[in-house]
Amino acid sequence: FIIPEFTTFCENIEDLYWKVKSKTDGKVASYIPQLARYSPDLWGVSVCTIDGQRYSIGDVDVPVCLQSVSKPLTYALVLNEQTPEVVHQYVGHEPSGRQFNEIKLSADNKPHNPLINSGAIVLCSLLKQDFNLADRFDYTSQMFKRLAGNEHLSFNNSVFLSERETADRNFALGYYLREYKCFPKGTNLMETLDFYFQLCSVEVTAQSGSVIAASLANGGICPITGERVLDAGAVRNTLSLMHSCGMYDYSGQFAFDVGLPAKSGVSGSVMLVVPNVMGVYMWAPPLDQYGNSCKGIEFCEELVDKFNFHNYDNL
Ligand code: GLN
């Protein structure tokens, strides 16, 4: 086993879970009513190792929409089909140092990276471009489900509808991107934005999310089914950008303190990857000033304090 003393390890995870549970700061996202309805007390942590050992505690069976956690998955799917050289003609590799939804491009007029809204919207236009929208959604949700080892994956239509209803900023971004010719030829802007909102509205549970994280930790092979879902190179590139750009404007400090690739979303999810060891999915809706789950961040920090998972820990 990759984690030999798994029972002891789980006892430690449980202790951390209760320790972090008492942290009650942060505010639940309120930009759409569907997110504002999440109870601030929800708190779940699921672990899945690359050899399929599982541990879950708390609210790990409640569906939660991926929101920005879908962004690295979209990026990985595009890289799975096209070379990084082609993909990065459309999107950069650098942290933006700006809000995730800011209307700003890099000096060469591309979105800074695929993990902010502008980059993710452009990536949506690249994913299975030649399919119609229904088939693109089917393809993508099936790939997400394979990464999740066929465990829970759903689509929350009311999140999608209210997301689209209130998405002035994302529409503005879309037009701005089109003005700067950021999309490939033949892109239908409205369809691309719909696709982006749909992928934000895909739901996992902490349990199924931990399997997705574990598939990334395992180089693209799902540890539950043994199926290779993603090319190892696509996963490597995805983890690199999660490491530098995954946690909004806290990404630099997160890389410093935790030293692991992760991605957060406004629903309060944090998907953490410990490469070659395990995936962890944390969910607690209250967010800090950057938009990261307060409990999720705290848990990640406690985890690397306790174990030497930080990329630059001395072994
Ligand atoms: N639906 C959100 C948006 O596009 C997702 C962003 C996020 O999770 N930060 O604004």
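Everything here concerns the structure above.
Because the structure is a prediction, the values reported are computed rather than measured.

Visitor: Residues and numbers for the sheet that holds strand 3 (residues 64-65), please.
Guide: The antiparallel open sheet is built from 3 strands, whose spatial order is 3-5-4. Each edge of the open sheet is held by one strand with a lone partner, namely strand 3 and strand 4 (154-155). The pairing of strand 3 with strand 5 (residues 202-204) spans 2 bridges and is classified as antiparallel. Along strand 5, the bridge assignment pairs valine 64 with valine 204.

Visitor: Describe the layout of surface pockets, naming the residues involved and giving the relevant values.
Guide: Computed from the structure, the largest pocket encloses a volume of approximately 470 Å³. Lining the largest pocket we find 27 residues, and of these Leu260, Val274, Pro275, Asn276 and Asn311 sit closest to its centre. Counting residues per element, the ones that place at least two in the lining of the largest pocket are helix 10 (206-217) and helix 11 (232-245). Here the element with the most residues in the lining of the largest pocket is helix 11; it accounts for 6 residues. Of the pockets and cavities examined, the second largest pocket occupies roughly 260 Å³. Around the second largest pocket, the lining is made up of 16 residues, and of these Tyr31, Phe100, Asn117, Glu163 and Asn170 lie nearest the centre. Of all the secondary structure elements, the ones that give two or more residues to the lining of the second largest pocket are helix 8 (168-179) and helix 9 (189-200). Among the elements that make up the lining of the second largest pocket, the one with the highest residue count is helix 8 (3 residues). Within the lining of the second largest pocket, the residues separate by chemical class into 6 nonpolar, 6 polar and 4 charged.

Visitor: Just give me the short version of the site of the ligand, but keep the residues and values in it.
Guide: Close to the ligand lie 13 residues; Gln67, Ser68, Glu163, Tyr196 and Tyr248 are nearest. Note that an oxygen atom of the ligand is positioned 3.0 Å from one of the side-chain N or O atoms of asparagine 170. Separating an oxygen atom of the ligand from a side-chain N or O atom of tyrosine 196 is a distance of 2.6 Å. In the complex, the protein chains occlude 95% of the 300 Å² of accessible area that the ligand would expose alone. The pocket occupied by the ligand, as judged from atoms lying within 2 Å of grid points, is the second largest pocket. Residues of the shell around the ligand, tallied by class, amount to 6 nonpolar, 5 polar and 2 charged.

Visitor: With reference to specific residues and values, describe empty space enclosed by the protein.
Guide: By the definition in use, this model includes 1 cavity of 30 Å³ or more. One number sums up the size of the largest cavity: a volume of about 40 Å³. In this structure, the largest cavity is lined by Ser96, Arg98, Gln99, Phe100, Glu102, Lys104, His112, Ile116, Asn117 and Ser118.

Visitor: Outline unusual backbone geometry, supporting the account with residue identities and numerical values.
Guide: We note that lysine 181 has phi near 55°; this positive angle belongs to a residue other than glycine. Position of lysine 181 among the secondary structure elements: in the loop between helix 8 and helix 9. Residue tyrosine 248 is not a glycine yet carries a positive backbone phi of 55°. Mapped onto the elements, tyrosine 248 comes out in the loop between helix 11 and helix 12 (251-257). Overall, tyrosine 248 belongs to the buried group, its relative accessible area being 10%.

Visitor: Residue-level account of the packing of aromatic side chains, with values.
Guide: Given two aromatic rings, one states the distance between the centres and the angle between the planes to describe the pair. Evaluated as defined, the whole model comprises 16 aromatic pairs. Measuring from ring centre to ring centre gives 5.9 Å for phenylalanine 155 and phenylalanine 160, while their planes differ by 45°; the resulting arrangement is tilted. On the accessibility criterion, phenylalanine 155 (33% relative accessible area) is partly exposed. Taking the relative accessible area as the measure of exposure, phenylalanine 160 reaches 6% and is therefore buried. Ring plane angle 55° and centroid distance 4.9 Å describe the contact between tyrosine 176 and tyrosine 180, whose orientation is recorded as tilted. Overall, tyrosine 176 belongs to the partly exposed group, its relative accessible area being 22%. Counting every residue linked through ring pairs, the aromatic cluster contains Phe6, Phe9, Phe307 and Phe309. Of note, lysine 128 hangs over the ring of tyrosine 139, and the distance from its end group to the ring centre comes to 4.7 Å.

Visitor: Pulling in residues and values, what's your account of the pairing of strand 2 (residues 54-58)?
Guide: In terms of strand pairing, strand 1 (residues 44-49) meets strand 2 through 5 bridges, oriented antiparallel. When the bridges of strand 2 are listed, glycine 44 appears paired with glycine 58. In sequence, strand 1 turns back onto strand 2 through a hairpin of 4 residues, with glycine 52 there showing a positive phi of about 80°.

Visitor: Run through the sheet that holds strand 2, naming residues and quoting values.
Guide: Spatial ordering of the open sheet is given by 2-1-8-7-6, a layout of 5 strands whose pairing is antiparallel. Two strands bound the open sheet, and with one partner strand each, they are strand 2 and strand 6 (262-264). Across the sheet, the mean angle from the axis of one strand to that of its neighbour is 10°, orientation sign disregarded. Relative to strand 8 (residues 278-283), strand 7 (residues 269-274) is paired through 6 bridges, and the arrangement is antiparallel. Across the sheet, serine 269 pairs through a bridge with tryptophan 283, a residue of strand 8. Across the face of the sheet, helix 13 (residues 294-306) comes into contact with strand 1, strand 7 and strand 8 while running at roughly 145° to strand 8.

Here is what the cut-offs are and how they apply
- Residues numbered from 1 in each chain as written.
- Predicted model: local features only at pLDDT ≥ 70, side-chain atom pairs only at ≥ 80, totals over all residues.
- Heavy atoms only, no water.
- Pairing = 2+ DSSP bridges.
- Helix = DSSP H or I, 4+ residues; strand = E, 2+ residues; numbered from the N terminus.
- 1 Å grid on protein atoms, 1.4 Å probe; cavity = no way out; pocket = protein on both sides within 12 Å on 5 of 7 lines; lining within 4 Å.
- Points joined across faces, edges and corners; volume = space filled by probe spheres on them.
- Nonpolar A, V, L, I, M, F, W, Y, C, P; charged D, E, K, R; others polar.
- Near = heavy atom within 4 Å.
- Polar contact = N/O pair within 3.5 Å; in protein donor to acceptor, adjacent residues only side chain to side chain.
- Areas by Shrake-Rupley, 256 points an atom, 1.4 Å probe, with all protein chains shown as cover.
- Sits in = over half its atoms within 2 Å of the grid points.
- Buried < 20%, exposed > 50% of the residue type's maximum accessible area, 1.4 Å probe, protein only.
- Phe/Tyr/Trp six-rings, centres within 6.5 Å; stacked < 30°, edge-to-face > 60°.
- Lys NZ or Arg CZ within 6 Å of the ring centre and 35° of its normal.
- Axes fitted to C-alpha atoms, helices over the stretch in contact; angles between N-to-C directions.
- Contact = heavy atoms within 4.5 Å.

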